[in-house]
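# Residue-level structure breakdown
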There are 2 protein chains.
Amino acid sequence: MKATINDVAKQAGVSIKTVSRVINNEASVRQLTREKVQRAVDELNYQPNLSARNLAGAKSYSIAYIYDNPNAYYIIDMQKGILSACKQQGFELLIHPCDSKSQGITEEVVNMVKQARIAGLILTPPLSEMPEFVKTLVDLDVKVVRILSGDVAPDDLSPCVMVNDRDAAQTITQHLIDLGHKDIGFLAGDAVHMSTIERYKGYRRALKASNIEFNKSLVIEGSYSFDSGVSGAKELMSVQTANPRPTAIFSCNDEIAAGALFAARLMNISIPEQLSIVGFENSPFSRQTWPKLTTADQPNNQIAEDAAMLLISQIRKQKNPITISQYVPKLIVRDSTAQYEKL
Amino acid sequence: MKATINDVAKQAGVSIKTVSRVINNEASVRQLTREKVQRAVDELNYQPNLSARNLAGAKSYSIAYIYDNPNAYYIIDMQKGILSACKQQGFELLIHPCDSKSQGITEEVVNMVKQARIAGLILTPPLSEMPEFVKTLVDLDVKVVRILSGDVAPDDLSPCVMVNDRDAAQTITQHLIDLGHKDIGFLAGDAVHMSTIERYKGYRRALKASNIEFNKSLVIEGSYSFDSGVSGAKELMSVQTANPRPTAIFSCNDEIAAGALFAARLMNISIPEQLSIVGFENSPFSRQTWPKLTTADQPNNQIAEDAAMLLISQIRKQKNPITISQYVPKLIVRDSTAQYEKL
DNA sequence: TAAAAAAATGACAGCGCTGTCAATTACTAA
DNA sequence: TTAGTAATTGACAGCGCTGTCATTTTTTTA
């Protein structure tokens, strides 16, 4: 039923080693031979046995995606992107959800890497933002690619795929400014996350670029949650606290924005007429609020595939130069933002 | 670094075959020997190499989770549960997102099963509800476990884990009835999904059990989406359409309920004072609406682990009797339901 | 107590592939 | 043309484990 390398070799009239060479794209196989083998491979619909490869070879064909992120949509997108790269490159993907805050997380992952003979790892926040953790893994002789928030890699421990939240946040803020807003509130996510910091930087930059004076009372600390959005927006919009009262709010993600939206409704503030709100992430969330959220879209699928490709190329040839690719989330204008109308 | 079966054999002073017997829990190993080997295994922290096992043995130690479900939370929960069973049983999990409506879906999965030497598959709706598809796979000599909506398996093609949406829906509806509601609207999900059908049945049963006359105009067809909830609720609550106007709404899932919530706000209907709304699923969603949704909770993690265990036991011994386990989602009362107040 | 039966253990091949290194072939220059 | 070099190909061992079947040990029975 299932063709082996032996069948292919017979069919092509060469040795199995030559077939092996062809399917691994090694040099020093004559063009003619290569074609002959390729034809046999196609005819028999041969696909190499991953277990055998992993067992026989020095290299491994398994990579792992390790994550600890409460955002299910993000993870599903990542998985899909990584899987697509794996399929193209004949790699296998292991997924490993974990708790980044647990005591033995490093040991747990180290064990898993050794146990499963993992050739490479993909790390997303918050794991990718834990330097000690990353360091340990890199020292382990396993390739690592991190997905991080920012424009430049924080170190050269591993190749990174950077998501430039800063520029995106600046663009979004600029969008609010272009609509005539000057008093723009900022609802922060968890302060420990780089994404929060980067988005904050972008917000500040946009203000500066337009010579709008920064007002600290418009910045509310919080976390990446709906509740945080609710309470943050309440604080911003209650006359006694914030001064001046903002006419627009930048929320660090869509969940916070959804919370802000709700707070506004509770306070009888109509969106977007009296207050513009923007989110970040373009999660399915942002299309299920009313009004629909203006937000920033990250092509997570693409980012993940890119990261996986980077990882696999690292695994393939040792001395790959450290490459970094960068994405900038794109502004998506929907219904939660409007021109500022002086009352 | 990594201990092999040979190391263990040496350490325990037995042959590798005996070690193999112990780690596979085979019979005919003396208790004494078993303990000796076990000790060596523990000391060396030995874990069998999956690739080698897959390659050498007739059996395979890989199962796959194939899914096509837009609900990311659901999938993540499933994965986690399945993974936990795999870890316990020394199995490997392959994940395979796919498009159930695509032409070649069956062929795609069949290929994957053959290619990766998959021993078993876990199927969730909508894939688990496609009889032809399931039939093809079962005929393929791969074990299958389906997760389905209902109380009894629709056939004996494979063991099933049933989620009794009907009883749960009845309980939820009863909760509304207990609160004094009589005119209870029903916002359906996609009509092709068994879950919709089952939930509808539960709703009808509860009405019947309390001798409340069923009113067809209170049932609105729709789909599992926010927008469907919005338009459905609008239709129900506009005086001219529905007669009588419902005082409570049963929504087929939380997303629909969230939509209904929004529609209510648009129409200035206060929740829960003027209208009670219930959801289904207990997705993170349901805690991020205002007010928080009364809903039904499915222990997806547990369901998934159960399904995976069932699958693995199937794989282990051929002639396992077809087992079926059943879960009934539990009512979670939050803030979107209240006593019916006659005006 | 010895022979027969049953239980426990081990020797060995081989799963499908890759790495090593030797053998062959093609190509170059003299 | 022919030796000399480079490019191509193949033979073979072995990755870590399981299946088969032979061997040894223990238990039972006469």
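In this report, we go over the structure that sits alongside the text. (Residues numbered from 1 in each chain as written. Chains lettered and ligands numbered in written order. Predicted model: local features only at pLDDT ≥ 70, side-chain atom pairs only at ≥ 80, totals over all residues. Heavy atoms only, no water.)

### Regarding the protein's contact with DNA strand D
The environment of DNA strand D is formed by 26 residues, the closest being Thr18(A), Thr33(A), Ile5(B), Ser20(B) and Tyr46(B). Counting only atoms of DNA strand D within 4 Å of the protein, the sugar-phosphate share comes to 65%. Here a phosphate oxygen of DNA strand D sits 2.8 Å away from a polar atom, N or O, in the main chain of Ser15(A). Within the backbone of Leu55(A), a nitrogen or oxygen atom sits 3.4 Å from a base oxygen of DNA strand D. Those elements giving two or more residues to the surface near DNA strand D turn out to be helix 2 (16–23) and helix 4 (50–56) of chain A together with helix 2 (16–23) and helix 4 (50–56) of chain B. (Near = heavy atom within 4 Å. Polar contact = N/O pair within 3.5 Å; in protein donor to acceptor, adjacent residues only side chain to side chain. Helix = DSSP H or I, 4+ residues; strand = E, 2+ residues; numbered from the N terminus.)

### Notes on the interface of chain A and chain B
Every contact between the two is made by 39 residues of chain A and, on the other side, 39 residues of chain B. Interface area for chain A against chain B, summed over the two sides, is near 3700 Å², with a carbon-plus-sulfur share of 63%. Looking only at chain A, the three residues that lose the most surface to chain B are Gln115(A), Phe262(A) and Gln288(A), adding up to 17% of its buried area. Across the contact surface, chain A and chain B share 0 salt bridges. Run the count over chain A and chain B and you get 3 residue pairs in polar contact (both at pLDDT 80 or more). Secondary structure elements with two or more residues in the side of chain A that touches chain B: helix 4, helix 5 (72–89), strand 2 (92–97), helix 6 (105–115), helix 10 (226–237) and helix 11 (254–266) of chain A. Here the side of chain A that touches chain B takes 8 residues from helix 5 of chain A, the largest share from any one element. Class assignment of the residues belonging to the side of chain A that touches chain B gives a composition of 20 nonpolar, 9 polar and 10 charged. (Contact = heavy atoms within 4.5 Å. Buried area = accessible area lost by both parts, 1.4 Å probe. Salt bridge = Lys/Arg side-chain N within 4 Å of Asp/Glu carboxyl O. Nonpolar A, V, L, I, M, F, W, Y, C, P; charged D, E, K, R; others polar.)

### Digging into the protein's contact with DNA strand C
Looking at DNA strand C, there are 27 residues lining it, with Ile5(A), Ser20(A), Tyr46(A), Thr18(B) and Thr33(B) nearest. Sugar and phosphate atoms constitute 64% of the interface atoms of DNA strand C, taking the interface as everything within 4 Å of the protein. In the environment of DNA strand C, a phosphate oxygen lies 2.5 Å from a nitrogen or oxygen atom belonging to the side chain of Ser20(A). Of the residues belonging to the surface near DNA strand C, the class tally is 11 nonpolar, 9 polar and 7 charged.

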